[in-house]
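The primary structure of each chain is shown beneath.
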Amino acid sequence: MTLNEKIMAKPYYDASDLRNFGKITEWSEDLGNKFFDYYGKVFEEGALTAREKSLIALAVSHTEQCPYCIDAYTKDGLQRGITKEEMMEAIHVGAAIKSGATLVHGVQMMNKVNKLEM
Amino acid sequence: MTTKSLIARNNDLANTEKQLEILSNGIFMNGELPTFANKIKETNQFPLRPKKLEILQINLGYMCNQVCAHCHVDAGPDRKEIMTLTTMQQCIKVVKNTGAHTLDLTGGAPEMNPNFRWFVEEASNAGIKDFIVRSNLTIIRANKKYHDLPEFFKKHNIHVVSSMPHWTRGKTDKQRGNGVFDKSIKALQMLNEVGYGTKGSSLKLDLVYNPSGAFLPGDQKALEQDFKKSLNDEFKITFNNLFSITNLPISRFLDYLIASENYEDYMVSLVDAYNHKAIENVMCTNTISIGWDGWLYDCDFNQMLNLKVDSKIKHIVDYNEEVLQNRDIIINQHCYGCTAGAGSSCQGEVA
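Residues numbered from 1 in each chain as written. Chains lettered and ligands numbered in written order. Predicted model: local features only at pLDDT ≥ 70, side-chain atom pairs only at ≥ 80, totals over all residues.

A. Examining the overall build of chain A more closely. Tallying secondary structure elements over chain A gives six helices and zero strands in all. Its helices and strands taken in sequence order, chain A reads α-α-α-α-α-α from the N to the C terminus. Taken against the 2.2 N^0.38 rule, which gives 13 Å for 118 residues, the C-alpha radius of gyration of chain A at 20 Å runs more than 25% over that of a compact globule. Along the three orthogonal principal directions, the C-alpha set of chain A runs to about 60 × 50 × 35 Å. Long-range contacts, defined as pairs at least 24 residues apart, comprise 56% of the intrachain contacts of chain A with a sequence gap of at least 6. (Helix = DSSP H or I, 4+ residues; strand = E, 2+ residues; numbered from the N terminus. Rg over C-alpha atoms; globule rule 2.2 N^0.38 Å. Contact = placed C-beta atoms within 7 Å.)

B. Quick look at the overall build of chain B. Per the secondary structure count, chain B includes 14 helices and eight strands. Relative to the compact-globule value of 20 Å for 351 residues, chain B shows a C-alpha radius of gyration of 19 Å, a close match. Taken along the three principal axes of its C-alpha coordinates, chain B extends 55 × 45 × 40 Å. The buried share of chain B, reckoned over its 351 residues, is 50%. Within chain B, contacts between residues at least 6 apart in sequence are counted, and of these 74% link residues at least 24 apart. (Buried ≥ 20, exposed ≤ 12 C-beta atoms within 10 Å, placed from the backbone.)

C. Quick look at the interface of chain B and chain A. Across the contact, twelve residues belong to chain B and nine residues belong to chain A. Here the residues of the side of chain B that touches chain A are counted per class, giving seven nonpolar, four polar and one charged. (Nonpolar A, V, L, I, M, F, W, Y, C, P; charged D, E, K, R; others polar.)

D. Spotlight on the pairing of strand 3 (residues 130–135) of chain B. Residues and elements named next belong to chain B. Of all six residues in strand 3, five are buried, a share of seventy percent or more. The pairing of strand 2 (residues 102–106) with strand 3 spans four bridges and is classified as parallel. In the sheet register, Thr 102 faces strand 3, and the bridge partner there is Asp 130. Following the chain from strand 2 across helix 4 (residues 116–125) to the adjacent parallel strand 3, one finds a crossover that is right-handed. With four bridges connecting them, strand 3 and strand 4 (residues 159–163) associate as parallel partners. Across the sheet, the residue bridging to Ser 135 is Ser 162, located in strand 4. (Pairing = 2+ DSSP bridges. Right-handed = clockwise from strand over helix to strand, strands pointing away.)

E. Examining the pairing of strand 4 of chain B more closely. Residue and element names in this part refer to chain B. Where burial is concerned, most of strand 4 is hidden: five out of the five residues are buried. Where strand 4 and strand 5 (residues 205–209) come together, four bridges link them in parallel fashion. Along strand 5, the bridge assignment pairs Ser 163 with Val 208.

F. Molecular detail of the sheet that holds strand 8 (residues 296–297) of chain B. All names here are of chain B. With respect to topology, eight strands assemble into an open sheet ordered 6-5-4-3-2-1-7-8, the strand pairing being mixed. Only two strands of the sheet have a single neighbouring strand rather than two, namely strand 6 (242–244) and strand 8. Sheet analysis places strand 5 next to strand 6, joined by three bridges and oriented parallel. Of the residues in strand 6, the one forming a bridge with Val 208 is Phe 243.

G. Seen up close, the nonpolar core. Counting 105 residues, the largest nonpolar core has Leu 56, Cys 91, Leu 103, Val 160, Ile 250, Val 282 and Ile 290 of chain B as the members making the most contacts within it. Here the element with the most residues in this core is helix 8 (residues 180–193) of chain B; it accounts for six residues. (Core = buried A, V, L, I, M, F, W, Y, C linked by C-beta atoms within 7 Å.)

H. Seen up close, the environment of Cys 66 of chain A. Tracing the chain through its elements places Cys 66 of chain A in the loop between helix 3 (50–63) and helix 4 (67–79). Residues Cys 66 of chain A and Tyr 13 of chain A, 53 residues apart in the sequence, show an inter-C-alpha distance of 9.8 Å.

I. Main features of helix 5 (residues 84–104) of chain A. Taking 1.5 Å of rise per residue, the 21 residues of helix 5 of chain A would be expected to cover 30 Å, and the 30 Å separating its terminal C-alpha atoms lies within 8% of that figure. Counting buried positions over the 21 residues of helix 5 of chain A gives one, only a small fraction of the element. (Expected span 1.5 Å × (residues − 1).)

J. How the structure looks around the packing of helix 3 of chain A against helix 4 of chain A. Residues and elements named next belong to chain A. Helix 4 packs onto helix 3 with a crossing angle of 155 degrees between their chain directions and a minimal axis gap of 9 Å. In terms of axis orientation, helix 3 runs roughly antiparallel to helix 4. Remark: the crossing between helix 3 and helix 4 carries left-handed chirality. From helix 3, Ser 54, Leu 55, Ala 57, Leu 58, Ser 61 and His 62 reach across to helix 4, where they touch Cys 69, Ile 70, Tyr 73, Thr 74, Asp 76 and Gly 77. Among the residues making up the contact of helix 3 with helix 4, the classes are represented as six nonpolar, five polar and one charged. (Axes fitted to C-alpha atoms, helices over the stretch in contact; angles between N-to-C directions. Parallel < 35°, antiparallel > 145°, perpendicular 65-115°, else oblique. Left-handed = near helix turned anticlockwise from the far one by under 90°.)

K. Looking closely at unusual backbone geometry. Residue and element names in this part refer to chain B. Omega for the peptide link from Phe 46 to Pro 47 comes to -5 degrees, which places this bond in the cis form. Position of Pro 47 relative to the elements: it lies in the loop between helix 2 (36–41) and strand 1 (55–59). The omega torsion of the bond from Gly 107 to Gly 108 falls at 25 degrees, within 30 degrees of zero and hence cis. Tracing the chain through its elements places Gly 108 in the loop between strand 2 and helix 4. In this model, Asp 74 sits at a positive phi of 60 degrees, which is unusual for a non-glycine residue. On the basis of neighbour counts, which here come to 28 C-beta atoms within 10 Å, the residue Asp 74 falls in the buried class. Here the phi dihedral of Ser 251 falls at roughly 50 degrees; this positive angle occurs in a residue that is not glycine. By the element assignment, Ser 251 lies in helix 10 (residues 251–259). According to the C-beta neighbour criterion, Ser 251 is buried, with 25 such atoms within 10 Å.

L. Representation of the packing of helix 7 (residues 169–176) of chain B against helix 8 of chain B within the structure. All names here are of chain B. In the contact formed by helix 7 and helix 8, the axes pass within 8 Å of each other and the chain directions differ by 105 degrees. For the element pair helix 7 / helix 8, the angle class is roughly perpendicular. Contacts between helix 7 and helix 8 involve Arg 169, Thr 172, Asp 173 and Arg 176 from the former and Val 180, Phe 181 and Ser 184 from the latter. Here the contact of helix 7 with helix 8 is composed, by residue class, of two nonpolar, two polar and three charged.

Don't take any of this as a statement about function, it's just geometry.
Written out as C-alpha cells, the structure is:
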C-alpha cells in the first residue's frame, strides 16, 4: 500500500460517524441533551415551514462545508419531496452570500489603498 | 429503464428464498442491527397477532402494463400469473360472508385480468362497505378497451387508489417508465371528469406516494399539501387523500438497493426510524392477503416472499375466518418497512 493509499484508507471523515452523533451526550450529558433539544425544536414547523428550514439547512451545510450535514439534509430534502432543482438553487443562495461576503471586503481594500496611496 | 421482470431476466432475486437469505444475513446476522423479532420483543409485542379483520386484499394477477423500478410484486407484461375464474368464484363466496368492511383489489394491474369486470360486479353486489381498486392510472390510457374504466368504477362506487410518486414528470418517469407521468395526468383528469376526487362528490380518489429512491417518505400531510397544490395549479387535478408508503426491501426494490450499494444504509435508516407505536396498527394485523392462485398470506409483501399464513387454513378453498384469526403473523426483516417513522401500510401512515 502506498502512503497515499494509507492516508486514503484512514480518512478524517467517516460517513458512518453521523449515526453516532447522539453519542456526544455520553461525555457531557447535560450540555449534549440541551443541544439536541434545541436542535429538534429549531427544525419543528414554526413561522417557517419544516420544508423551508430543510432548504436553509442544506444551503448552510454547504457554506459550512460539513459533509455529514450535506448527506443528512440532501436525504431530508428528498424525503420531503424537495426537487433537485430547488436544492441546487438553495446552494446557490449560500454560494452567493459566500462570494458576496468576500467581494464586499473589496471596499475595505479600496479604502485602505485610497488611504495609503498619494 | 428496465423493461422486464426479475423472473424474465433470470435474476437471482426472482428466487424468494434468496431474498429471505439476504434479509437474514449480513448486518442482521453479525448483530450490527437487531432482527425484527428481537426488536418487537423489547416491547413485548412478539409474537405478532391479528386483531379484528378489516380488509380482504385480493391480488388478481401479476401482469401489468408497467415495469416500475421499485415494484415489490415484480409485475410486468411478461408475468402470466392471473387469477382464474374458479378462484374468483371462491373469493366471491368468501367476500359474501366475511366480517371485513373493506375489499381491496390489487395486482399487477388488476384491470388486465380478463374477468376483472365480472368480479367487480359480483363483489359489489355483496354489499361491501369500502371497495378499493388499486389502479396504476396508465392502464386507463393503455388501450381503447380500458378508456371507459372511470365510468365503470363510478357505476360500482369503487374507491380508486392510484400510484403517483411525484408531481414532477422527471421523478415519476424515472421510477415508473417514460411517458408514465403524462398518461397518469390524463387518466387523473378523466377520473375527475366523471366526479372522482372532486369537491362534494362521494367518489373517492386517493393517491399513493412512495419515494423514488433509497430514502424514506416524509410527513404524509405535508406531502399531500404539496401534491394538491402542484397538481391543481398545473393540471387542475383534485383528489382526496395522499397515502405515503415506504418501499420495502424486497423484489425489484431490493435488487435496486443492492445494485446501487444502498442496501445497508437503507436498512440502517429503517431500523433507526423504528416506531413501536406503528406496530400496533401494521396492516398484517387487520388484513388477509389472497394470492392470484388462492393461497393466503398475512400481507401482500409476505405473498411476494411466498410466506404463506401460519395456520391450518392456507388456501381460499378451506377459508375459515375464525381459524385464520388465531395465528401468529410471519415476520422478517422486511417488516421494518412498515414500522419506520409514522409507519406504512396500503392505507398510508399508521401511527
